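# Fold and geometry: a report
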Amino acid sequence: MDTNALMMPVELDVRVFDELDRLLAADADLVVPTAVLDELEKLSTGGGTEAIAASVGVDLATRCRAVETEESYADDAIVELAESGETDYVVTNDKPLRDRVLECGIPVIGIRGHATLAVTEP
C-alpha cells in the first residue's frame, strides 16, 4: 500500500480495507514499506486536510505489515517490492506510480468510480 492509498478514507471517502476484503481474500497479507510510513509521518505534521488524512493513514497502516526496502523514497520502495516479486498487487491512486508498477507486471488496485476500488491488470 502506498501513501495515498492509506489517505483515501479521508481524501476520497473510500473504505479501503472493506474494499480490499471485497477484492482479495479477507486474510490477505497487506504490507507497507517503511518509506511510506515515514512519508505519512512527515505529512501528518502539516496542517489542513492532507495532514488529517496522513494522520489517519498512519493509524490505518498499523493493520499492515511494515517492510524494509533499500529505497527511502516511497514510490521507489513500492516499485522495488513490485520488481522483487514480494507483492501480488499494489494499492495506489498515483498514476505515474501505477504505470511504473504495471510495467513490472504487477496488477494495481485503485479508485474506480465513487468510493470503489478495482484491479487494473498489466
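Residues numbered from 1 in each chain as written. Predicted model: local features only at pLDDT ≥ 70, side-chain atom pairs only at ≥ 80, totals over all residues. Heavy atoms only, no water.

## Section: helix H4 (residues 48-60)
How we decide: By the criteria applied, helices consist of DSSP H or I runs no shorter than four residues and strands consist of E runs no shorter than two, each listed in order from the N terminus. Residue count minus one, scaled by 1.5 Å, sets the expected span of a helix. Note on exposure labels: buried denotes an accessible area under 20% of the residue type's maximum, exposed denotes more than 50%, and partly exposed covers the range between, all computed with a 1.4 Å probe on protein chains only.
An ideal rise of 1.5 Å per residue puts 18 Å on 13 residues; H4 measures up with 19 Å between its terminal C-alpha atoms. For H4, the full list of buried residues reads Ala51, Ala53, Ala54, Gly57 and Leu60.

## Some remarks on the environment of Leu102
This is how it is decided: Only heavy atoms matter for contacts: two residues are in contact if any of them lie within 4.5 Å across the pair.
Looking at where Leu102 falls in the secondary structure, it is placed in helix H6 (residues 95-103). Judged by relative accessible area, which is 18%, Leu102 ranks as buried. With 11 residues separating them along the chain, Leu102 and Gly113 place their C-alpha atoms 20 Å apart. Look past the residues within four positions of Leu102 in its chain and what remains in contact with it is Pro107, Val108, Thr120, Glu121 and Pro122.

## Some thoughts on the UniProt feature "domain: VapC9 PIN-like" (unreviewed entry) in the protein chain
Counted only if it meets this: UniProt positions are given in the numbering used here, feature names are shortened, and annotations may be inferred rather than shown by experiment.
Within the UniProt annotation, "domain: VapC9 PIN-like" (unreviewed entry) is assigned to residues 1-113. Secondary structure content for residues 1-113 is 54% helix and 11% strand, and the end C-alpha separation is 19 Å.

## Concerning the pattern of salt bridges
How we decide: When a carboxyl oxygen of Asp or Glu is within 4 Å of a side-chain nitrogen of Lys or Arg, the pair counts as a salt bridge.
Using the criterion set out here, one finds five salt bridges in the structure. Two residues, Arg15 and Asp18, come together in a salt bridge whose shortest N-O distance is 2.6 Å. In this structure, Asp76 engages Arg100 in a salt bridge whose closest nitrogen and oxygen atoms are separated by 2.9 Å. Separated by 24 residues along the polypeptide, Asp76 in helix H5 (residues 74-84) and Arg100 in helix H6 bring together distant segments of the chain. Its relative accessible area of 24% is what places Asp76 among the partly exposed residues.

## So, the pairing of strand E4 (residues 108-111)
Strand residues, when the strand is regular, have side chains that alternate between the two faces of the sheet. Formally: Between any two strands, pairing holds if DSSP finds at least two bridges. With the strands pointing away from the viewer, any crossover whose connection runs clockwise from the first strand over the helix to the second is right-handed.
Bridge count for strand E3 (residues 90-91) against E4 is two bridges, and the pairing is parallel. Residue pairing for E4: Val90 is matched across the bridge by Val108. A crossover connection joins E3 to the parallel E4 through H6; in handedness this β-α-β unit is right-handed. The sheet contact formed by E4 and strand E5 (residues 117-120) spans four bridges and is antiparallel. When the sheet's bridge partners are listed, Ile109 is paired in E5 with Val119.

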